[in-house]
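Here is what each chain is made of, one letter per residue.
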Amino acid sequence: MNSARRLSALWSLRALLLTVGALTSGCAGAPPREKAAEAVHAPAAVPAPLGSGALEAREADAFFQDHRFRDGTVLPEVRIHYATLGTPRRDASGAVTNAVLLLHWTSASGEVLRGKPFMDSLFAPGRPLDATKYFLIFPDSVGHGRSSKPSDGARTKFPAYGYRDMVELQHRLVTQTLGIARLHAIVGLSMGGMNAWQWSELYPEVVKGVMPIVSLPTRIAGRNLLWRRFVSRQIRTDPEWKDGLYTAPPRGWREAFPVFRMMLDGVPHLQATLPDAAAADAFIQAAMAQAEGMDANDVLYSLESSSDYDPEPALDVIQARVFALNFSDDEFNPVSLRTLETLMPRVKHGRFVVQQGDARSFGHLTQAHPELWAEQVAAFLAFLEGA
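Here is what the cut-offs are and how they apply
- Residues numbered from 1 in each chain as written.
- Predicted model: local features only at pLDDT ≥ 70, side-chain atom pairs only at ≥ 80, totals over all residues.
- Heavy atoms only, no water.
- Pairing = 2+ DSSP bridges.
- Helix = DSSP H or I, 4+ residues; strand = E, 2+ residues; numbered from the N terminus.
- Axes fitted to C-alpha atoms, helices over the stretch in contact; angles between N-to-C directions.
- Core = buried A, V, L, I, M, F, W, Y, C linked by side-chain atoms within 4.5 Å.
- Buried < 20%, exposed > 50% of the residue type's maximum accessible area, 1.4 Å probe, protein only.
- Contact = heavy atoms within 4.5 Å.
- Expected span 1.5 Å × (residues − 1).
- Arc of directions from axis to C-beta.
- 1 Å grid on protein atoms, 1.4 Å probe; cavity = no way out; pocket = protein on both sides within 12 Å on 5 of 7 lines; lining within 4 Å.
- Points joined across faces, edges and corners; volume = space filled by probe spheres on them.
- Nonpolar A, V, L, I, M, F, W, Y, C, P; charged D, E, K, R; others polar.
- Salt bridge = Lys/Arg side-chain N within 4 Å of Asp/Glu carboxyl O.

To continue, consider the sheet that holds strand β7 (residues 321–327). With mixed pairing, the eight strands of this open sheet are ordered in space as β1-β2-β4-β3-β5-β6-β7-β8. Since the sheet does not close on itself, it has two edges, and those belong to β1 (58–68) and β8 (350–355), each with one partner. Each strand of the sheet is rotated relative to its neighbour by a mean of 20 degrees, with strand direction disregarded. Bridging between strand β3 (residues 99–103) and strand β5 (residues 183–189) involves four bridges; their strand directions are parallel. Pairing of Val100 across the sheet is with Ala185, part of β5.

Structure representation (structure tokens):
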């Protein structure tokens, strides 16, 4: 492999690490993480140190007692882990005016969005979501990161949560724990983008604008649905899964993950970085190794949680400004379907961009490379200012 392709392959592996690096470690049955001694009911002002280049986040846990999920299950306590970056600004009435909610993708957490690529491209001084200007909120959605999830011990007795449950808990965090009546914006990636669409419909008065990235405002179907069902089936039908009581990562999950990973990348990028059998085998081995560190039940629940997602019927009620961003090489959201062209006219204050992909981009995983689309975030914020 020549040096250019080798470098590109390394970037592809980096993207893979970003995808799964913040997921729960170990298998089900591992002891749950210790929770903080007390819930945090309001954010402390955390000014970003100017001139040092370092932006310090404050992490905390919010706890919600006797929370009822939409499947009817009640958990005595649900933990939502979150972090904040920046300082809330308030108007004359005391209402926070600069809060922005950042929502992560499937099998990740808010920690990924606070990594160096995002800090440098989006949150550093002078960048579009400058943390000296905005108050940034990074929750771990239920089932992910350090929030309540199956691998904490409940395994398959954990509530069969859906995207609606995720959004309701995000809303409780924002309005009850943080005391914020209205968000300036939501920026969501993939699953987080779908959550952003749901926010705009469920809580139309609570958010001024949303930026869904690599997501579509319609139910999951076709290639995206088949991928999810394939991975779920590989887990559920594997004898090593043992109805969720496994003690090591089931083989079906380990063997499914290379397909999981392949679907995240772009066709032009894979064509450029996997020129021969040796490179393809290395890709497969790296993916299987990553699967070893992921909990199969957590993955299963996160993939199946999308079954209640379908914002299409209520697009006409959205009051927020919507700036949707997709990438032409995203195999999950094929541009050939022309979904945005068909549906966005129903959004009263909506715009969309399909950014052209090439061998330097990463398909769906371009979301993990904000340096490639930071200017679109700036355009979104300018769109909001025109409201």
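Next, the rest of the story.
Here we come to the nonpolar core. Counting 56 residues, the largest nonpolar core has Phe123, Leu129, Leu136 and Trp253 as its most contacted members. Not counting residues within four places of it along the chain, the set of residues in contact with Leu136 comprises Ala83, Thr84, Leu85, Val100, Leu102, Phe123, Leu129 and Ala131. Of all hydrophobic cores here, the second largest spans 49 residues; its members include Trp197, Tyr309, Ile318 and Leu343.

On to helix α8 (residues 277–292), then. The end-to-end C-alpha separation of α8 is 23 Å, in line with the 22 Å expected for 16 residues at 1.5 Å each. Every buried residue of α8 is accounted for by Ala279, Phe283, Ala287 and Ala291. Relative to the axis of α8, the buried residues are bounded by an arc of 120 degrees and lie together on one face. Of the exposed residues in α8, those oriented more than 90 degrees away from the buried face are Ala277, Ala278 and Gln285.

Before going further, it helps to examine the layout of surface pockets. Of the pockets and cavities examined, the largest pocket occupies roughly 370 Å³. If you go around the largest pocket, you meet 28 residues; those closest to its centre are Ile220, Asn224, Arg228, Phe332 and Asn333. Mapped by element, the contributors of at least two residues to the lining of the largest pocket are α5 (222–236) and α6 (251–264). In terms of residues, the lining of the largest pocket owes the most to one element, α5, which gives five residues. A per-class count over the lining of the largest pocket returns 14 nonpolar, eleven polar and three charged.

As a further point, take the pattern of salt bridges. Taken as a whole and judged by the stated rule, the model has 14 salt bridges. When the shortest N-O distance is used, the salt bridge between Arg146 and Glu59 registers 2.3 Å. Taken together, the residues Arg146 in the loop between β4 (135–139) and α3 (163–177) and Glu59 in strand β1 connect sequence positions 87 residues apart. On the basis of relative accessibility, which here comes to 27%, the residue Arg146 falls in the partly exposed class. Assessed through its relative accessible area of 39%, Glu59 is described here as partly exposed. Linking Glu341 and Arg338 is a salt bridge whose minimum nitrogen-to-oxygen distance equals 3.9 Å. What makes Glu341 partly exposed here is its relative accessible area of 29%. Overall, the relative accessible area of 48% leaves Arg338 in the partly exposed class.

The analysis is restricted to geometry; functional conclusions fall outside its scope.
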